[in-house]
Amino acid sequence: MEPAPAKAKPQGRLLVSTQLDAKDELEERLERCVVIVQALTNGLSEREANDALTANVCKGQQQHEEVCLGLFTLVLTEPTQAQRCYRDLTLVNRDGMNIVLVKINQILMEKFLKLQDNPRTQLVWLVRELVKSGVIGADGVIMTLLKQIAGGDISAKNIWLAESVLDILLEQKEWVLKSGMLIAMSVYTYLRLIVDHGTPNLLPLRQKEVDFCISMLREKFMECLIIGRDLVRLLQNVARIPEMELLWRDLLHNPQVLSPQFTGILQLLTARTSRKFLACRLTPDMETKLLFMTSRVRFGQQKRYQDWFQRQYLSTAESQSLRCDLIRYICGVVHPSNEVLSSDILPRWAIIGWLLTTCTSNVAASNAKLALFYDWLFFNPEKDSIMNIEPAILVMHHSMKPHPAITATLLDFMCRIIPHFFPPLETQVRQGVFNSLNFIMEKRVLAHLAPLFDNPKLDRELRSMLRERFPEFCSPPSPPTEVKMEEAVSMEMDNHVLDKEEGCYDHTEAAFSDDEEEVNNKGKKREFRFHPIKEAVIEEPADITPWLDQLDDTMKEKVQQIQKTRKYGCLHSDQVSDVCPPLSDTETQCEVMQEVVDLIMEDDFDTEQMSALASCLAELFKDHFRGEVLPEEITEESLEESVSKPVCLIFRNLVTMQEDNSGFSVLLDMLAELYQKQPKIGYHLLYYLKASKAANGKMMLYESFAQATALGDLHTCLMMDMKACQEDDVRLLCYLTPSIYSEFPDETLRSGELLNMIVAVIDSMQLQELMCHVMMGNLVMFRKDSVLNILIQSLEWETFEQYSTWQLFLAHSIPLETIIPILQHLKYKEHPEALSCLLLQLRREKPSEEMVKMVLSRPCHPEDQFTTSILRHWASKYDDTLGEHIKAQLIKNNNQPRKRQSLRSSSSKLAQLTLEQILEHLDNLRLSLSNMKNNFFTQTPILQALQHVQASCDEAHKMRFSDLFALAEEYEDSQAKPLKSRRKAPASSPRSRKGVAPPTNNEEESASSSASEEEDSKPKAPKRKRKGSSAVGSDSD
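What you see is a predicted model, and the numbers here were worked out from it, not measured in a lab.

K.L.:
It is not clear to me how the overall build of the protein should be interpreted in this structure. Could you clarify?
P.N.:
A count of helical and extended segments in the protein gives 54 helices and 0 strands. For the protein, the share of sequence-separated contacts (at least 6 apart) that also reach a separation of at least 24 residues comes to 73%. Summing over all exposed atoms, the protein offers an accessible surface of approximately 47600 Å²; the carbon and sulfur share of this is 50%.

In structure tokens form, the structure reads like this:
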């Protein structure tokens, strides 16, 4: 319902707006540029006007931008002048039309739906002209324009846009063929749109689309091949069109016709579709709404958003085909972070479950299920992501109780798709589904599949088919696996609330990493990350009518006073003008707000109106929670000014009051109520407590606030507030970090949750600032009792996040031995970041026994040079110390290669160190040192230890490490000669024999002290009886 206009307001010529809409900033700027251009050219001939514009753009960058944007706007708003303005634009621009391309992309992504009809038509005309002119970057604009063509929509505007863009592509075919990505994107788009254009009046358009796609696929098939497996899915949907049927047959039976490099359909099906293609079939508005639901909406509160989305996009018969696009996008593009996965944010499976229930035709339902399982069919754990297959298994799991029919139909589909998808590839499809289920078990998405596959709620025939297809996953676990139970709320289909799900989602082990463009490049690049969803650009007036009547008369009057100052004042910094300075309005609001606070603290205040009052205040002060909080230049004055907003009056009163004051708890409850309406209150309170002089030393007020909230827990509240801060303002996050760590050490230092938030968003300059804080003693981010666990958690983070974490750790003065057990968790292919940081740090350390033990306990692999490189360094710098430690480990592990050893902060399974490992590492070290003059392997402790091992090891080890043991044999020979000469004349030199014994005993004591108490002493017994009858016995005894 459109409100009656209060007074006439000049209507802009670019965007559609109502009387209540604030003037759009972009439109205002473009109109100002038009005025500048008109002022320069009014009354001049075309040549003079061109000269004037050229002279103006030469003055500087700002003038160049103003003239270009002014001419660009005239092209959009003045069709009769468009040709002349475009000609002038091509003549005066100095940046290859870059400023125009950027502005077109901005309008397409943010304002396209609000464009008036003429500007929309002119925008497409302008794009056509840019393509004709061969402007560099025009292909990117065309791809953005393709994204605006909505699937499942046959409205006149959408059909016009689809046909207009197609005409550009057909007219400028030679230009199109120069861009491989544009070819693939346009083929993907129009193959998908062909399905929607089957009505008689759209058949001419469909024929043009079919001809275009066939032309591109036959002429440039290898460029189209980059689409991946979803190209086959789209071609299947249109394969019955006669022209497409011929192409489909060639694809299946004669692939060489399409391209000599194309080996067959399996080559396509095993290639994962890039997220760029999956995302291009959602308009920017759809994408924004979906990302909002999957990153900001809490589970259980999604119905209103789903209803809105359904009314907007899924209410027509043609929109049935859009479900597939949405499901493919959610599976392939929306990959939440670990924090979101473990939070109460609406999960992906719930949205997909809801989309499945909105399918009203069998064809749409089958296509939606295929879209859900499509990545399962040829799943390869080395190339594909767990996040692509996770939603399907969780939809089935969570639907079992509230909607068993959904689970049953999905399981039935999964079984039947194996033989029926493409019979010649049945074996590969079966293997793909098996790989998917196996990987799901490996990653602990579900603890076990038997409760799902052999559930009594499924009919007997389906259970029998599941047992036949997947016998490996139908047997119950033995022994039972102890799994954390997750409290799950049903997807908003019937608004059911489930009981606790049994054995559903083990959060302790199912730690999914954020997905990357190439999955096997783990942790190298974050291609997708959730950013704060920007609120609507158009500012709507605060509507507090629903709550006003719930307030008593006095409070109602005060709230209305605040509303009036907001309505006629300029509270937001972006709206400041000379006519209406903001300061006086802010001061007026502060005075009224203080009166509201005084009313709250009165003894007769009715707490039942607290919720309504909080709703009013949240609506009235919503401007205060937009934009950055921290001043650009941090000074005492700017900080005090930033905490002088009306909402800060509540904070100020709480700070100045004693906790035993009767009004304190009421005001705290009021703040907690406001927190429910506006979650950003939490980090605004933290900022006030740090920035305000009045709040100095009062940071613990936040703990009282956290306990008063519905969360009732300091840790949960703090983490949620810091997460909100991270999403809204990274500078503020860094500003708060030292105070948060120092004031709440138990909440921040016991896990890596906050640390991950910080390193996920900071840049290198902010990292350096945090390191300086650490070294100056203002910030402690690690402590000895938890640092190892945090560093182990960080192994799943992105590359820059891991390097930042290690830099922050090294800024602390924590002994390296505290975290050296992390070596047991590091794999050379998966954890290069941690290994490189540790290697550089170990290089600076003198080896200790624990360090040497951990280094030697790493598995040997030809490509893993970590152990060899650090041993080589130590051998050249600390050869004596290293020799003693290696001797101790050799003797300790001799004859006990499988003995378990305890290890602080890691499992015994990880801590195993075997004699074979030590010998392998020593052999690698020997080879590494062979080309340089190094006396490491001539040291007596090493040679004695090798003799000791050689005397008791089996023949296989003697053969395998023969070169290593040869060093010990040479030492034995050198020692045997003098001993033989002494034995020939025992009476002549009794003192010399006594003199040899003590060093031997000392060597024995040294070796014994460094070995464990459980050391096997069997080889020593006979040697004691023989008393030096051989050199080996003498040395080792």
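There is more to say after this.
K.L.:
Help me understand the confidence of the model for the protein, please; the structure alone is not making it clear to me.
P.N.:
Reading fine detail from the predicted coordinates is not recommended where pLDDT is low. Averaged over all residues, the pLDDT of the protein is 80; the fraction at 70 or higher stands at 82%. Note on residues 979-1037: pLDDT is under 50 here. Beyond four places in sequence and across chains, it has 56 contacts.

K.L.:
How should the packing of helix α31 (residues 610-620) against helix α34 (residues 662-677) be read in this particular structure?
P.N.:
Direction vectors running N to C along α31 and α34 enclose 55°, while the axes themselves pass 9 Å from each other. Taken together, the axis directions place α31 and α34 in an arrangement best described as oblique. Crossing of α31 over α34 shows right-handed handedness. Where α31 abuts α34, its residues Met610, Ser611, Leu613, Ala614, Ser615, Leu617 and Ala618 lie against Val666, Asp669, Met670, Glu673, Leu674 and Lys677. Its residues assigned to classes, the contact of α31 with α34 comprises 8 nonpolar, 2 polar and 3 charged.

K.L.:
Would you explain the pattern of salt bridges in this entry?
P.N.:
Pairing between side chains of opposite charge can happen when their charged atoms approach one another. Here the structure, examined in full by the defined rule, presents 42 salt bridges. Here Glu31 and Lys23 are joined by a salt bridge, their closest N and O atoms 3.5 Å apart. Residue classification places Glu31 among the partly exposed residues on the basis of a relative accessible area of 29%. Among the residues examined, Lys23 registers a relative accessible area of 34% and is labelled partly exposed. Of the charged contacts, one joins Asp344 and Arg298 as a salt bridge, the two residues approaching to 3.8 Å between their closest N and O atoms. Taken together, the positions of Asp344 in the loop between α20 (338-341) and α21 (348-357) and Arg298 in the loop between α17 (284-295) and α18 (303-313) put the pair 46 residues apart, joining distant regions of the chain. Taking relative accessible area as the criterion, Arg298 reaches 32% and is therefore assigned partly exposed.

K.L.:
Explain the side chain of Ser319 to me, please; I cannot follow it from the model alone.
P.N.:
As for its position among the elements, Ser319 is in the loop between α18 and α19 (322-332). Apart from residues lying up to four places away in sequence, Ser319 is in contact with Gly152, Tyr313 and Leu314.

K.L.:
What should I look at first to understand the environment of Ile918 in this one?
P.N.:
By the secondary structure assignment, Ile918 is in helix α48 (residues 915-929). Remark: the alpha-carbon pair of Ile918 and Asn893, spanning 25 residues in sequence, is separated by 8.9 Å. Beyond its immediate stretch of four places on either side in the chain, Ile918 contacts Leu856, Gln889, Leu890, Asn893 and Leu913.

K.L.:
Would you mind going over the environment of Arg328 with me for this structure?
P.N.:
For Arg328, the location among the structural elements is in helix α19. Overall, the relative accessible area of 2% leaves Arg328 in the buried class. When the C-alpha atoms of Arg328 and Leu278 are compared, they prove to be 6.5 Å apart, with 50 residues separating the residues in sequence. Among residues more than four places away in sequence, those in contact with Arg328 are Asp230, Arg233, Leu278, Val333, Ala371, Tyr374 and Asp375. Here the side chain of Arg328 touches Ala371 through a polar contact of 3.2 Å, landing on its backbone oxygen. One polar contact links Arg328 to Asp375, side chain to side chain, over a distance of 3.0 Å.

K.L.:
I'm lost on the packing of aromatic side chains in this one. Help?
P.N.:
Geometrically, a pair of aromatic rings is defined through the distance of the ring centres and the angle of the planes. Scanning the model with the defined rule gives 23 aromatic pairs in all. With centroids separated by 5.8 Å and ring planes inclined at 50°, the aromatic side chains of Tyr188 and Phe277 adopt a geometry described as tilted. Of the two residues, Tyr188 is situated in helix α10 (residues 180-194) and Phe277 in helix α16 (residues 275-280); the sequence distance between them amounts to 89 residues. Looking at Phe277, the relative accessible area reads 1%, which means it is buried. Taking 6.0 Å as the distance between ring centres and 90° as the angle between the ring planes, the aromatic pair formed by Phe782 and Phe809 counts as edge-to-face. Residue Phe782 is found in the loop between α41 (764-775) and α42 (787-793), and its partner Phe809 is found in helix α43 (residues 799-811); the two are separated by 27 residues along the sequence. The buried category is assigned to Phe782, whose relative accessible area is 2%. Residue Phe809 is classed as buried on the basis of its relative accessible area, which comes to 2%. An aromatic cluster of three or more residues is present, and its members are Trp308, Phe309, Tyr313 and Trp354. Seen from the ring of Tyr305, Arg304 lies directly overhead, with NZ or CZ sitting 5.1 Å from the centre. The positively charged end of Arg858 is found above the aromatic ring belonging to Phe866, 5.3 Å away from the centroid.

Rules and cut-offs
Residues numbered from 1 in each chain as written. Predicted model: local features only at pLDDT ≥ 70, side-chain atom pairs only at ≥ 80, totals over all residues. Heavy atoms only, no water. Helix = DSSP H or I, 4+ residues; strand = E, 2+ residues; numbered from the N terminus. Contact = heavy atoms within 4.5 Å. Areas by Shrake-Rupley, 256 points an atom, 1.4 Å probe, with all protein chains shown as cover. pLDDT = per-residue confidence, 0-100. Axes fitted to C-alpha atoms, helices over the stretch in contact; angles between N-to-C directions. Parallel < 35°, antiparallel > 145°, perpendicular 65-115°, else oblique. Left-handed = near helix turned anticlockwise from the far one by under 90°. Nonpolar A, V, L, I, M, F, W, Y, C, P; charged D, E, K, R; others polar. Salt bridge = Lys/Arg side-chain N within 4 Å of Asp/Glu carboxyl O. Buried < 20%, exposed > 50% of the residue type's maximum accessible area, 1.4 Å probe, protein only. Polar contact = N/O pair within 3.5 Å; in protein donor to acceptor, adjacent residues only side chain to side chain. Phe/Tyr/Trp six-rings, centres within 6.5 Å; stacked < 30°, edge-to-face > 60°. Lys NZ or Arg CZ within 6 Å of the ring centre and 35° of its normal.

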